[in-house]
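Summary of structural features
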Amino acid sequence: MNRKDFLSAVIPLATATTAFPKTIISNKKNSSKKIPPYLNKGDLVGITCPSGHISMEECTAAINKMKEWGFEVITDDTVGAKDFTFAGTDAQRISGFQKMIDDPKINAIMLGRGGYGAVRIIDKIDFTKFNKNPKWIIGFSDATVFHCHINHNFGIPTIHSKMCNSFPDDFSTATQSQIETIDSIRQCLVGEKMKYERLPIAENRAGKGIGDLVGGNLSIIQMMDGSASNLHTEGKILFIEDVGEYAYKIDGMLWNLKRSNKLSKLKGLVVGEFRIKPDDAGEEFGKTIYEIVMEKVQEYHYPVCFDFPVGHVRENYALKCGMKHELTVSDKGTILECID
Amino acid sequence: MITIPPYLKPGNTIGIVCPAGYMPFEKAQTCIETLTAWGFKVVVGKTLGNQFNYFSGTDQERCDDLQRMLDDDQIDAILCGRGGYGTGRIIDQLDFSKFKKHPKWIIGFSDITVLHCHLFSNFKIASMHAPMAAAFNDGEFKNQYIQSLHGALIGKKADYKTSGNILDQPGKTKGILVGGNLSLLANVIATPSDISTKNKILFIEEIGEYIYSVDRMMYQLKRSGKLHDLNGLIIGGFTDMKDTTIPFGQTIEHVIKDLVKDYNYPVSFGFPVSHDKENYALKVGVDYSLKVEKDLVELKEL
């Protein structure tokens, strides 16, 4: 089966037709887990940029779409701010993020874009108020810093999904998967049941596992090692994705995960999209992503699925980090379902 | 207590092995001739000139070749032909039990940083961060950096002097020297090869990375506590750095300066340890004194 077929076979099963279910779904709440309140119509989403620069124009599509969903949207002055590659100086980005997490009127925070910069400010953020009044933080790529830091330190789930820069400008010409991936953010935010299904692929390893879902960008996960934002994977379902790295770099990062015991006690492994940088001539690494991953996890027995639609691609569906999921991989296909 | 492997004498044997990337045999020719001219015997492992895709052999071949060199009583030191990538794939399969009883110098840099860190953190055995086979080519075997390797091998204590840099943080210190390639130092964090940098003099160098990526790795060193308790810091060469389409807006030196300016220990920028030819032999695990003055930086082996 070709790759395109399985990508188009991804169907979020949240089937509610109204954006705002009356009953917010939050069953089986882990006692130490603090799930932020799901959003209701009229709730306020703040947009801030703790990493790379993005213009206000580039946020317009996201703002309009979220208003269409029934939310109010507010941006801070990091949107449009520019200090070389960053959305303003470290001080500006700290101040922007801090105000958003502290402001009780703001119910969720969508990051403008990834890029680079979160690690420069994470230790300067005071999460005291946020810890008492959690809210959804939404983003991926460089935002993996926040997912790792917040899930582990505060037991507060976050949303790994597209950000402002990934909303299509014109939804009338957007592909079905673009529309679905953007809508999966709304589904997460309003507390709809999240369940993704994929067709089977030969490289998968069958099995079933239940655990909190953690993960994100592989480069960032490695860079959190040894720090206060270190990702803890024991008993968890781990998902990983990366973009623009050479195969040998991906291999080295996965060895780091293996050698730092991040792969030995998983309940499942979800391998997202790896847009690997082509090898330089004469430096061909000679292994596919399937081989690179499987040789690290061959001695373990948990389920592994590949080509899951998460990553720096159009098919980047929203996932709730820190929430309990069930991963089922079989010859019939893959199911990843949030059961928290 | 650190174990210093025996220094070499004329007639001793150096084994050349490639634990990581592929290296054509002919690129090691000058190195072999030079080591011979220095009075050593040279044996080459099966991995020199051997190729398996990117690597100098399969993991098994590379592991076996290095293992044989580690265990062979007839081999007095091991020079890695080149770095590249691959040492981290075999490090946990190597058996160091014989080597621990009969340590020998392991020489190399770049990807070989994994070995330096591993030997130091697990066995407290010193190793040599120094030019590898290709650095001898194009007439460079005569340069002071290759010569420093010769000196280091025969037990001559190093006393390296270099000019100061405007970003240097002055001071005098002593400590065990540890370090190597920044990417690999970051990559081994939290693994069994991770090093403690407390009260050490740390040196770092890098090649071919984006400035933002160096910034991110430096933040990792800082956030994982690797920079807090140093006695001194040596910033080597950052060769062929790349920038993103939107410029990062800072040079590598300023990126690093920003992260270490609040520490009181001496910091030297632009020290000759690098992927360029300026690459003095440094003994990881050995005590050095570091003096950083306005116009002079001196790293002296104690």
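1. What about the overall build of chain B?
In terms of helices and strands, chain B carries nine helices and 13 strands. Each principal axis of the C-alpha distribution contributes one length, and for chain B these read about 50 × 40 × 40 Å. Looking at chain B as a whole, 55% of its 302 residues qualify as buried. Partitioning the intrachain contacts of chain B with sequence separation of at least 6 by distance along the chain shows that 82% fall at a separation of at least 24.

2. As for the overall build of chain A
When its secondary structure is counted, chain A shows 10 helices and 14 strands. Computed over the C-alpha atoms, the radius of gyration of chain A is 19 Å, within 12% of the 20 Å expected from 2.2 N^0.38 for a compact globule of 340 residues. Seen through its C-alpha atoms, chain A measures out along the principal axes to roughly 50 × 45 × 45 Å. In chain A, which comprises 340 residues, the proportion classed as buried is 53%. Within chain A, contacts between residues separated by at least 24 positions form 82% of all contacts whose residues are at least 6 apart in sequence.

3. Side note on the packing of helix H8 (residues 211-223) of chain B against helix H9 (residues 252-260) of chain B
All names here are of chain B. Interaxial distance between H8 and H9 falls to 10 Å at its minimum, and their mutual angle equals 20°. Comparing the axis directions of H8 and H9 gives the class roughly parallel. In the crossing of H8 with H9, the sense of the turn from one axis to the other is right-handed. Taken together, the residues of H9 that come into contact with H8 (itself represented by Ile 211, Val 214, Asp 215, Met 218 and Lys 222) are Ile 252, Val 255, Ile 256 and Leu 259. Here the contact of H8 with H9 is composed, by residue class, of seven nonpolar, no polar and two charged.

4. A word on the domain arrangement of chain A
Residues and elements named next belong to chain A. One can read the domain layout of chain A as domain 1 (32-190) and domain 2 (195-338). Relative to domain 2, the C-alpha centre of domain 1 lies at a distance of 23 Å. Each partner contributes to the interface: domain 1 provides 28 residues, whereas domain 2 provides 22 residues. Those elements that place two or more of their residues in the side of domain 1 that touches domain 2 are helix H6 (144-154), strand E6 (158-160) and helix H7 (176-190). Looking at the side of domain 1 that touches domain 2 element by element, the count peaks at seven residues for H6. Taken together, the residues of the side of domain 1 that touches domain 2 sort by class into 10 nonpolar, 14 polar and four charged.

5. With respect to the sheet that holds strand E6 (residues 159-163) of chain B
Each strand in a sheet pairs with its neighbour through backbone hydrogen bonds, running either in the same direction (parallel) or in the opposite one (antiparallel). Residue and element names in this part refer to chain B. Spatially, the seven strands line up as an open sheet ordered E6-E13-E12-E7-E8-E9-E10, and their pairing is mixed. Every interior strand has two partners, whereas the edge strands, E6 and strand E10 (267-269), have only one. Taken over all neighbouring pairs, the strand axes of this sheet differ in orientation by 25° on average, direction set aside. The pairing of strand E12 (residues 287-292) with strand E13 (residues 296-301) spans five bridges and is antiparallel. What sits directly across from Ser 289, in E13, is Lys 300.

6. Regarding the nonpolar core
Buried together is how nonpolar side chains tend to be arranged in soluble globular proteins. If you look at the biggest cluster of nonpolar residues, it comprises 193 residues, and the most contacted ones within it are Met 110, Ile 138 and Val 270 of chain A. Beyond its immediate stretch of four places on either side in the chain, Ile 138 of chain A contacts Ala 108, Ile 109, Met 110, Leu 111, Ile 159, Ser 161, Met 163 and Ile 185 of chain A.

7. Brief notes about the domain arrangement of chain B
Size of an interface, as often reported, equals the accessible area lost when the parts are brought together. All names here are of chain B. Domain parsing of chain B yields domain 1 (13-153) and domain 2 (159-301). The C-alpha-based centres of domain 1 and domain 2 are spaced at 23 Å. Between domain 1 and domain 2, the contact holds 28 residues from the first and 23 residues from the second. Mapped by element, the contributors of at least two residues to the side of domain 1 that touches domain 2 are helix H5 (113-123), strand E5 (127-129) and helix H6 (144-153). A per-element tally of the side of domain 1 that touches domain 2 places H5 first, with eight residues.

8. Details of H5 of chain B
All names here are of chain B. Buried residues dominate H5, accounting for eight of its 11 residues. Within H5, burial applies to Thr 113, Val 114, Leu 115, His 116, Cys 117, His 118, Leu 119 and Phe 120. Buried residues in H5 make contact with helix H3 (87-90), strand E4 (105-108), E5, strand E7 (171-181), helix H7 (182-187) and strand E11 (282-284). In the stretch just after H5, Lys 124 is the one whose phi turns positive, near 55°.

9. Remarks on unusual backbone geometry
All names here are of chain B. Located in the positive-phi region is Lys 124, a residue other than glycine, with phi close to 55°. With respect to the helices, strands and loops of the structure, Lys 124 is situated in the loop between H5 and E5. Unlike most non-glycine residues, Ala 190 shows phi in positive territory, near 75°. Among the structural elements, Ala 190 can be located in the loop between H7 and strand E8 (200-207).

10. Observations concerning the environment of Glu 326 of chain A
All names here are of chain A. Relative to the assigned elements, Glu 326 resides in strand E13 (residues 324-330). Glu 326 gets classed as partly exposed once you count the C-beta atoms within 10 Å, which come to 18. Residues Glu 326 and Leu 336 lie 10 residues apart in sequence; the distance between their C-alpha atoms is 5.8 Å. Once residues lying within four places of it in the same chain are set aside, the contact partners of Glu 326 are Ile 210, Glu 337 and Ile 339.

11. Concerning the sheet that holds strand E3 (residues 72-75) of chain A
All names here are of chain A. Across the sheet, which stays open at both edges, the six strands sit in the order E3-E2-E4-E5-E6-E12 with mixed pairing between neighbours. Taken across any chain shown, the strands that pair with only one partner, and hence form the sheet edges, are E3 and strand E12 (319-321). Neighbour-to-neighbour, the strand axes of the sheet open up by a mean angle of 25°, direction not taken into account. Two strands pair when backbone bridges link them, and E6 and E12 are joined in this way by three bridges, in the antiparallel orientation. Across the sheet, the residue bridging to Ile 159 is Lys 320, located in E12. Contacts from helix H2 (residues 56-68) reach strand E2 (44-48), E3 and strand E4 (108-111), with the element oriented near 150° to E3.

12. Considering the interface of chain A and chain B
Facing the 23 residues of chain A at the interface are 22 residues of chain B. Contributing elements (two or more residues each) for the side of chain A that touches chain B: helix H4 (118-121) and helix H9 (247-259) of chain A. With five residues, the single largest contributor to the side of chain A that touches chain B is H9 of chain A. Residues of the side of chain A that touches chain B, tallied by class, amount to eight nonpolar, eight polar and seven charged.

13. What to know about helix H3 (residues 90-102) of chain A
All names here are of chain A. For H3, with 13 residues, the first-to-last C-alpha span of 18 Å sits near the 18 Å given by 1.5 Å per residue. Residues of H3 that are buried include every one of Arg 93, Ile 94, Gly 96, Phe 97, Met 100 and Ile 101, and no others. Buried residues along H3 cover an arc of 165° about the axis, so they all sit on one side. Where H3 is buried, its residues touch E2, E4, H4 and helix H5 (128-132).

14. Focus: the pairing of E4 of chain B
Residues and elements named next belong to chain B. Judged by which residues are buried, E4 turns out to be covered on both faces: Trp 105 and Ile 107 on one side and Ile 106 and Gly 108 on the other are all buried. The pairing of strand E3 (residues 77-80) with E4 spans three bridges and is parallel. In the sheet register, Leu 79 faces E4, and the bridge partner there is Ile 107. Pairing between E4 and E5: two bridges, direction parallel.

Cut-off values and rules
Residues numbered from 1 in each chain as written. Chains lettered and ligands numbered in written order. Predicted model: local features only at pLDDT ≥ 70, side-chain atom pairs only at ≥ 80, totals over all residues. Helix = DSSP H or I, 4+ residues; strand = E, 2+ residues; numbered from the N terminus. Buried ≥ 20, exposed ≤ 12 C-beta atoms within 10 Å, placed from the backbone. Contact = placed C-beta atoms within 7 Å. Rg over C-alpha atoms; globule rule 2.2 N^0.38 Å. Axes fitted to C-alpha atoms, helices over the stretch in contact; angles between N-to-C directions. Parallel < 35°, antiparallel > 145°, perpendicular 65-115°, else oblique. Left-handed = near helix turned anticlockwise from the far one by under 90°. Nonpolar A, V, L, I, M, F, W, Y, C, P; charged D, E, K, R; others polar. Domains from an automatic or database assignment. Pairing = 2+ DSSP bridges. Core = buried A, V, L, I, M, F, W, Y, C linked by C-beta atoms within 7 Å. Expected span 1.5 Å × (residues − 1). Arc of directions from axis to C-beta.

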